[in-house]
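Results of the structural survey
Here is what each chain is made of, one letter per residue.
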Amino acid sequence: MEKVVIIGGGYAGLYALRELVKNKNIKITLIDKHTFHNLQPEVYDLIANKSTIADVTVDLTTLCLGLNHPYLEYKNLKVRKIDQKERRIYTEEKEIVDFDYLILAAGTRTYFPSAIAGLNNADDIKKLHRAMYFKQSFENELFKKIKDEAKQCEDTHIVVVGAGLSGVEIAAEMAYNSRKFFKRGNFSCDNMKISIISSPDTILPGLSPELIRISNNRLKELGINVITNTKLQKCEEGFAYLTNGTKIKYSFLIFTGGVEASKITEELNVEKNNKGQIVVNEFMQTDKYENIFAIGDMAEIKNSTGEIMPPNVTIARISGTNAGKNILNLIKNKKLITCKPKLEGVLIALGGKYAAGNIYNLFHVKGRLAYEIKKYVFKSYRAPLLKLIKAGYAKLKQRKI
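Figured I'd write up the structure that's included with this text. (Residues numbered from 1 in each chain as written. Predicted model: local features only at pLDDT ≥ 70, side-chain atom pairs only at ≥ 80, totals over all residues. Heavy atoms only, no water.)

**A short note on the overall build of the chain**
Along its length, the chain carries eight helices and 24 strands. Counting the 401 residues in the chain, one finds 52% classified as buried. When the accessible surface of the chain is totalled, it reaches about 19900 Å², and 49% of it is carbon and sulfur. (Helix = DSSP H or I, 4+ residues; strand = E, 2+ residues; numbered from the N terminus. Buried < 20%, exposed > 50% of the residue type's maximum accessible area, 1.4 Å probe, protein only. Areas by Shrake-Rupley, 256 points an atom, 1.4 Å probe, with all protein chains shown as cover.)

Here it is, written out as structure tokens:
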């Protein structure tokens, strides 16, 4: 029986899995160091108290049970080494997993440049436990202000480094949430400051000028200080030092300035780019091993014109589905299918029930309409997964009776 292993239960990995389970005569193993799939784009709602952990995670154990495949298993393991020649995966838990076909879907993590002194104390909201810590820190700052407002009203300054999608969304959500908090309670100590630092000359580099304009206007409306053409130089004793000579005292700092591929790619003898992402061909295969695929954020994926696709859920879906189909085709000695990645649009949450978007590069939307479109897209993705985990949970309960 052919053995297929997926490393990573994120967006791309789950799309690949949903293709592979169509073949009931192969053994499939999903490996992830976490017990849940993190719905990363919705973590901002968690921070803003619009949702709970249950709303932004999908349990991998019950999901795999719900897929109802006779030879599917989920293993909560941390991968340490992959032996391409022997087709073996070595884990921190000393368990060895063999494979005939392998899909690498471990994603990326926030890159903290070692050249920036003191950056190791910054919050990383890509990790759910850090997002929870940040949520508590943010709420503690708000509480501290109202607790001491009659005696003192010290400035609270939150600095967000990096003005890509993650940085802009978290800055907007915090600004909106704090403004709503002070207004609802009529608190006098309303002096929360938020700054966002962008090394390019604009926020959201690479997006359309109109989308940048809409987002800039929204950030200004929320009172966010946007600093462009500037980099973070170092963090020291609660101060952020910038390359433009500015020194900012901060309560806490969030770094969203870049990403790098999961460390499991380091020892792989395949072509990689400077971010550690694996360079794949049009079938999502690595350059040296036709049985090893890389998908989603972990891969450098190009469209038909050679343009590198940005890491997002749409590209994860397209690449994951393609890799799953191609492994099934390899098993059946069928022709491989060319992956045709394309962006369907960009939607940015900009605090409260306000968003902005570029739909299929045809038109832009903003405000409540864009927010509702974004929520619909999320629900469309989450709904089938909820159905699967509910079926898996029912099966689990049945076993215990």
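The rest of the description comes next.
**Looking at the sheet that holds strand β11 (residues 156-161)**
Pairing between sheet strands relies on hydrogen bonds along the backbone, with the strands arranged either parallel or antiparallel. Taken in spatial order, the four strands make up an open sheet running β13-β12-β11-β17, and their pairing is parallel. Looking at which strands have only one partner, the edges of the open sheet turn out to be β13 (225-227) and β17 (252-255). Strand after strand, the sheet turns through a mean of 20° between neighbouring axes, direction not considered. Summarising the sheet, β11 and strand β12 (residues 192-197) pair through six bridges and their orientation is parallel. Note on β12: the bridge partner recorded for V160 is I196. (Pairing = 2+ DSSP bridges. Axes fitted to C-alpha atoms, helices over the stretch in contact; angles between N-to-C directions.)

**Focus: the nonpolar core**
With 65 residues, the main nonpolar core has L17, I82, I89, I103 and L104 as its most contacted residues. Listed in part, the 28 residues of the second largest apolar core include A172, M174, M192 and L204. (Core = buried A, V, L, I, M, F, W, Y, C linked by side-chain atoms within 4.5 Å.)

**Considering the sheet that holds strand β6 (residues 79-83)**
Strand order in the open sheet formed by three strands is β6-β7-β8, and the pairing between neighbours is antiparallel. A strand with exactly one partner marks an edge of an open sheet, and here the two such strands are β6 and β8 (96-98). For this sheet, the mean angle separating the axes of adjacent strands, direction not counted, is 20°.

**Description of helix α6 (residues 209-221)**
In a regular helix each residue adds 1.5 Å, so 13 residues correspond to 18 Å; α6 covers 18 Å between its end C-alpha atoms and thus fits that length. Of all the positions in α6, only L211, I212, I214, S215, N216, R218 and L219 are classed as buried. A positive backbone phi angle near 80° is found at G223, which sits one or two residues after α6. (Expected span 1.5 Å × (residues − 1).)

**Quick look at unusual backbone geometry**
Phi is positive for K94, close to 70°, though the residue is something other than glycine. Following the sequence through the fold, K94 ends up in the loop between β7 (88-91) and β8. For K94, a relative accessible area of 72% translates into the label exposed. With a phi close to 50°, E237 is a non-glycine residue in the positive phi region. For E237, a relative accessible area of 76% corresponds to the exposed category.

Bear in mind that shape data such as this cannot, by itself, settle questions of function.
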